[in-house]
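# Structural overview for review
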Amino acid sequence: LHTFDLECNRLGDGGVERIAEALRANTTLKDLKLSHNGISSEGARGLAEALRTNGALQNLSLCGNHIGPKGARPLGEALRANTTLKILSLEGNGIGDVGVRHLCRALLANRTLKVLALGSNRITSQGAAAVAVMLKVNSGLSELSLAENQVGDDGCAKLAMALRNNSTLTELWLVNNVISQKGVAAFAEALEVNEKLHVLGITTLGGSAAGEDTPSAAQSPTPQFPPKEWTHDSFQSTTTALSQLTGSELHRNVDVTITACKASARKGQRSVAGEQLEWPFTKSGSIEVLKAWQGIGDFCGTNAALEEACPAVAPTAGA
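So, here is what we can say about the structure in this document. All values derive from a computational prediction rather than experimental measurement.

### Structural notes on the overall build of the protein
- The helix and strand tally for the protein stands at ten helices and ten strands.
- In the protein, which comprises 319 residues, the proportion classed as buried is 51%.
- Within the protein, residue pairs in contact and separated by at least 24 positions form 82% of the contacts whose partners lie at least 6 positions apart.
- Carbon and sulfur atoms provide 49% of the accessible area of the protein, an area that totals close to 14,100 Å².

### Some details on helix 4 (residues 96–107)
- Compared with the 16 Å implied by 1.5 Å per residue over twelve residues, the 17 Å span of helix 4 between its first and last C-alpha is a close match.
- The buried fraction of helix 4 is high, at nine of twelve residues.
- Here helix 4 has its buried residues at Gly-96, Asp-97, Gly-99, Val-100, His-102, Leu-103, Cys-104, Ala-106 and Leu-107.
- Structurally, helix 4 contributes buried residues whose contacts are with helix 3 (68–81), strand 5 (115–117) and helix 5 (125–137).

### Overview of the pattern of salt bridges
- In total, this model carries four salt bridges according to the counting rule given.
- A salt bridge links Glu-49 to Arg-52; the nearest nitrogen and oxygen atoms lie 3.9 Å apart. Taken together, the residues span about one helical turn, with Glu-49 and Arg-52 both in helix 2 (residues 41–53) at a distance of three residues.
- Taking relative accessible area as the criterion, Glu-49 reaches 40% and is therefore assigned partly exposed.
- The closest approach of N and O atoms between Glu-77 and Arg-52, which form a salt bridge, is 3.8 Å. With Glu-77 in helix 3 and Arg-52 in helix 2, this pair connects stretches of sequence that are 25 residues apart.
- Looking at Glu-77, the relative accessible area reads 33%, which means it is partly exposed.
- Residue Arg-52 is classed as partly exposed on the basis of its relative accessible area, which comes to 36%.
- Connected through shared salt-bridge partners, Glu-49, Arg-52, Arg-73 and Glu-77 make up one network.

### Considerations on the environment of Ala-20
- Looking at the element boundaries, Ala-20 is found in helix 1 (residues 12–25).
- Given the relative accessible area of 0%, Ala-20 is considered buried.
- With 34 residues separating them in the primary sequence, Ala-20 and Asn-54 have C-alpha atoms 9.8 Å apart.
- Once you skip the residues sitting within four places of it in the chain, Ala-20 turns out to touch Gly-46, Leu-47 and Ala-50.

### Concerning the pairing of strand 7 (residues 171–174)
- Two elements, strand 6 (residues 143–145) and strand 7, share three bridges in a ladder whose sense is parallel. Bridge pairing links Glu-143 to Glu-171 in strand 7.
- In this view, the connection linking strand 6 to its parallel neighbour strand 7 by way of helix 6 (residues 152–163) has right-handed handedness.
- Looking at chain direction, strand 7 and strand 8 (residues 199–202) are connected through four bridges and run parallel. Within the sheet, the bridge partner assigned to Glu-171 lies in strand 8 and is Val-199.

### Digging into unusual backbone geometry
- Despite not being glycine, Arg-122 has its phi angle at roughly 60°, a positive value.
- In this fold, Arg-122 is placed in the loop between strand 5 and helix 5.
- A positive phi angle is found at Asn-176, which is not glycine, with a value near 55°.
- With respect to the helices and strands, the residue Asn-176 is situated in the loop between strand 7 and helix 7 (181–190).
- Residue classification places Asn-176 among the buried positions, given a relative accessible area of 18%.

### Topic: the packing of helix 1 against helix 2
- Between helix 1 and helix 2, the shortest axis-to-axis distance is 8 Å and the interhelical angle comes to 5°. The angle between helix 1 and helix 2 places the two elements in the roughly parallel class. Packed against helix 1, whose contacting residues are Asp-13, Val-16, Glu-17, Ala-20, Leu-23 and Arg-24, the element helix 2 presents Glu-42, Gly-43, Gly-46, Leu-47, Glu-49, Ala-50 and Thr-53 at the interface.
- A breakdown of the residues in the contact of helix 1 with helix 2 according to their chemical character gives five nonpolar, three polar and five charged.

### Focus: helix 1
- Listed as buried for helix 1 are Gly-12, Val-16, Ile-19, Ala-20 and Leu-23. One face of helix 1 carries all of its buried residues, which in axial projection span an arc of 110°. Facing away from the buried side of helix 1, by more than 90 degrees, are the exposed residues Gly-14, Arg-18 and Ala-25.
- On its buried side, helix 1 packs onto strand 2 (31–33) and helix 2.

Conventions adopted
- Residues numbered from 1 in each chain as written.
- Predicted model: local features only at pLDDT ≥ 70, side-chain atom pairs only at ≥ 80, totals over all residues.
- Heavy atoms only, no water.
- Helix = DSSP H or I, 4+ residues; strand = E, 2+ residues; numbered from the N terminus.
- Buried < 20%, exposed > 50% of the residue type's maximum accessible area, 1.4 Å probe, protein only.
- Contact = heavy atoms within 4.5 Å.
- Areas by Shrake-Rupley, 256 points an atom, 1.4 Å probe, with all protein chains shown as cover.
- Expected span 1.5 Å × (residues − 1).
- Salt bridge = Lys/Arg side-chain N within 4 Å of Asp/Glu carboxyl O.
- Pairing = 2+ DSSP bridges.
- Right-handed = clockwise from strand over helix to strand, strands pointing away.
- Axes fitted to C-alpha atoms, helices over the stretch in contact; angles between N-to-C directions.
- Parallel < 35°, antiparallel > 145°, perpendicular 65-115°, else oblique.
- Nonpolar A, V, L, I, M, F, W, Y, C, P; charged D, E, K, R; others polar.
- Arc of directions from axis to C-beta.

These values are about where atoms sit, not about what they do.
Have a look at this one:
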């Protein structure tokens, strides 16, 4: 048996403890999926003990549970000893900044984990600071997701600074993180130095004018994307941020994916669906990205202001 999928089965801590017992002696299982099973910090502790001795498991998914910062601590400690786990998915577990610090301390030494998913975990700029310290030292991670958190512009600045020293990360996801053009500009500067990052997933909330501060996580605990009302100004500021990013003077081509959002009206409520566009990240990329960004207008025809500000131009590439 190489893959064991037990997602959405209400196993709880009791059921997970039995699985953990089996893992301690197992030498063949490589992929274990335990998402959405009502697992708390106690269940995470049992799994962490198993990871200390297990030498086979490569992929562990615990998305949508309730491990919190107390559960993140033993998992982090286990990563110090484990040398086989390559993918760890902890999205939607409420680990917060404290939990992120526990994991990052372990990743200062761990060199085998390649993919870490920490989306929807109430992570703020403080947690991003811990991640940044880790990225300056870590030489194992290739993919990191901090999507759906509250990293903000301050967190972006810290992460961007870390990218100047990191030589292994190839994908970084920061979709829906209360980021303005100020945060995007920080990455633009970092990418003039970093030659490894190939995919940057980022969305802006329309951005702030030069010199203005981005709302903090406390001020905007549940960010809205896209904005409730798309206006010419909010669209233009987002476009400006993207053009700054792609207009950086680089010495290579990088494929950058930026998630664009599709707004539609259903029963009077605005819903959001993700669409992705990819284009070359070159010295002349500002022209290309503006054309691609204009193509998003095709997806947003429900809003007259956006439709007027964004003529329907076919995207340069789609995914």
